[in-house]
Amino acid sequence: MPEIVVPDNLKSAVTHAHRYEPELNATYRELARHYRVAVIPARAARPRDKAKAEAGVQLVERWILARIRNRTFFSLAELNCAIGALLVELNNRPFKKLPGSRASVFAAIDRPALKALPSVPFEYADWKKVRVHIDYHIEFARHYYSVPHALVGKELDARVSATTVELFHRGMRVASHIRSRRAGGFSTCPEHMPASHREYAKWTPERLREWAERIGPASACVISAILAARRHPQQGFRSALGVLRLGKLYGNDRLEAVCQRAHALHITSFKSIESMLKNNLDRSALVDELGTRQLPLVHENIRGPEYYH
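Residues numbered from 1 in each chain as written. Predicted model: local features only at pLDDT ≥ 70, side-chain atom pairs only at ≥ 80, totals over all residues. Heavy atoms only, no water.

(A) Inspection of the sheet that holds strand β6 (residues 137-140) at higher detail. Pairing is mixed across the open sheet formed by 3 strands, whose spatial order is β6-β7-β11. Here the strands that pair on one side only, and so sit at the sheet edges, are β6 and β11 (186-187). Sheet analysis places strand β7 (residues 143-146) next to β11, joined by 2 bridges and oriented parallel. Bridge pairing links Tyr 145 to Ser 187 in β11. (Pairing = 2+ DSSP bridges. Helix = DSSP H or I, 4+ residues; strand = E, 2+ residues; numbered from the N terminus.)

The structure is reproduced here in structure tokens:
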């Protein structure tokens, strides 16, 4: 590895360009730290800061890409083999005005100055700002990971690799989980759960049930079923709150009617209950004891005999 890298101000390297203190992309900064490389971005609108790199790109375009532009390749291995052969030829071409070639100058000057690579390769990870919900979980890729309950409402930095999810608060790691790709699932550490609900006393299961009982008995049954369906009741807070807040959008009467249907069909999903309200299923009849659906005799979409006459 070299001592210093001078990148352009592309977004994957520099998040915010600045003449004196540019802000590096978190993943790019982590890569530089792993390989012990100093990153000094080129100044904006100063092409001379990276003139040699630009000239090298132009040279490769002319002597490699232009020579294979009319060829068809059927695999990356075949393309890399063709580029590799042309690259060796390009590096061994003698300079026109200087002694030697690019390969000989690299072996004499650059190679002795390079540092050895680390023994462990770099592990790529994404960084993202996340906020802790009232159930002391954060969401990433539709999966929920727990953090200490004292951080409810705080903004955290999430570092997500192919195998782990790490969460940081003000630069300190507060939680670490094995990454899960199960949509809608929860990764909860028991030590993250509070001994009591001091931090979010207003969001206890009892308070949610009392709220639901004010809407109706069917709503209370559905909320109880949602909380009971999770390994920890706190994991159902998010779905329960979503169902209860549907009453503000559609009205408590319609929500109670839909909850009667959901309770009869053993539905404990917020998305299903919301879909039932959107499709006005609260206004249609339930399946009777014989298993047949009670349909209205007259419907605006049913064509009468006068239509076919």
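(B) Representation of the sheet that holds strand β10 (residues 172-178) in the model. The 4 strands are arranged β5-β8-β9-β10 in an open sheet whose pairing can be described as antiparallel. At either margin of the open sheet sits one strand with a lone partner, and together these are β5 (125-131) and β10. Shown here is a sheet whose adjacent strand axes are inclined to one another by a mean of 25 degrees, direction ignored. Direction of pairing for strand β8 (residues 155-161) relative to strand β9 (residues 164-169): antiparallel, over a ladder of 4 bridges. Looking at the pairing, Val 160 lines up with Val 165 of β9. Each of β5 and β8 is contacted by helix α1 (residues 26-34), which is oriented at about 135 degrees to β5, the strand it contacts most. (Axes fitted to C-alpha atoms, helices over the stretch in contact; angles between N-to-C directions. Contact = heavy atoms within 4.5 Å.)

(C) A nonpolar patch on the surface, seen in detail. A cluster of nonpolar side chains, Ile 4, Val 6 and Ile 40, forms an exposed patch at the surface whose accessible area comes to about 250 Å². As for its placement among the helices and strands, Val 6 is situated in the loop between β1 (4-5) and β2 (14-16). Look at Val 6 and you get partly exposed, because its relative accessible area is 42%. (Patch = residues over 30% accessible without salt bridge, like charges linked within 9 Å, V, L, I, M, F, W, Y side chains within 5 Å. Areas by Shrake-Rupley, 256 points an atom, 1.4 Å probe, with all protein chains shown as cover. Salt bridge = Lys/Arg side-chain N within 4 Å of Asp/Glu carboxyl O. Buried < 20%, exposed > 50% of the residue type's maximum accessible area, 1.4 Å probe, protein only.)

(D) Looking closely at the side chain of Ser 239. Along the chain, Ser 239 turns up in helix α7 (residues 237-250). According to the relative accessible area criterion, Ser 239 is buried, its value standing at 16%. Not counting the four nearest positions on each side in its chain, Ser 239 is found in contact with Ile 226, Arg 230 and Phe 270.

(E) Quick look at helix α9 (residues 270-278). For α9, the full list of buried residues reads Ile 273, Met 276 and Leu 277. Along the axis of α9, the buried residues cluster in a sector spanning 100 degrees; they form a single face. The exposed residues of α9 that point more than 90 degrees off its buried face are Lys 271 and Lys 278. Buried residues in α9 make contact with α6 (217-228), α7 and α8 (252-264). Here α9 starts with a cap whose side-chain oxygen sits 3.4 Å from the backbone nitrogen of Lys 271, and that cap is Ser 269. Just downstream of α9, Asn 280 is the residue with a positive phi angle, here 60 degrees. (Arc of directions from axis to C-beta. Polar contact = N/O pair within 3.5 Å; in protein donor to acceptor, adjacent residues only side chain to side chain.)

(F) Layout of the packing of aromatic side chains. Scanning all chains against the criterion turns up 3 aromatic pairs. Its guanidinium or amino end placed over the ring of Trp 63, Arg 93 lies 3.9 Å from that ring's centre, counting from NZ or CZ. (Phe/Tyr/Trp six-rings, centres within 6.5 Å; stacked < 30°, edge-to-face > 60°. Lys NZ or Arg CZ within 6 Å of the ring centre and 35° of its normal.)

(G) Structural view of the environment of Ala 82. When you line up the elements, Ala 82 lands in helix α3 (residues 76-92). Accessibility expressed as a relative area gives 11% for Ala 82, which makes it buried. Along the sequence, Ala 82 and Ile 68 sit 14 residues apart, while their C-alpha atoms lie 8.1 Å from each other.

(H) A look at the pattern of salt bridges. A full pass over the atoms with the stated rule returns 7 salt bridges. In this structure, the salt-bridge partner of Glu 89 is Arg 67, at a minimum N-O distance of 3.3 Å. Of the two residues, Glu 89 is situated in helix α3 and Arg 67 in the loop between α2 (51-65) and α3; the sequence distance between them amounts to 22 residues. By relative accessible area, which is 39% here, Glu 89 ends up partly exposed. What makes Arg 67 partly exposed here is its relative accessible area of 41%. Across the salt bridge formed by Glu 166 and Arg 159, the nearest N and O atoms sit 2.9 Å from each other. Through salt bridges with shared partners, one network takes in Glu 30, Arg 159, Glu 166 and Arg 173.

(I) Spatial organisation of the confidence of the model for the protein chain. Summarising the model, the protein chain shows a mean pLDDT of 85, and 87% of its residues fall at 70 or more. In this model, residues 197-201 is a region of pLDDT below 50 whose contacts with residues beyond four sequence positions or in other chains number 9 contacts. Counting interchain partners and residues more than four positions distant, the pLDDT-below-50 stretch residues 288-299 has 7 contacts. (pLDDT = per-residue confidence, 0-100.)

(J) Representation of the packing of helix α5 (residues 205-215) against α7 in the model. It is the contact of α5 with α7, at a shortest axis distance of 11 Å, that shows an interaxial angle of 25 degrees. The angle between α5 and α7 falls in the class roughly parallel. In this structure, α5 crosses over α7, and the sense of that crossing is left-handed. Counted together, Pro 205, Leu 208, Trp 211, Ala 212 and Ile 215 of α5 and Phe 237, Ala 240, Leu 241, Leu 244, Arg 245 and Lys 248 of α7 form the full contact between these two elements. (Parallel < 35°, antiparallel > 145°, perpendicular 65-115°, else oblique. Left-handed = near helix turned anticlockwise from the far one by under 90°.)

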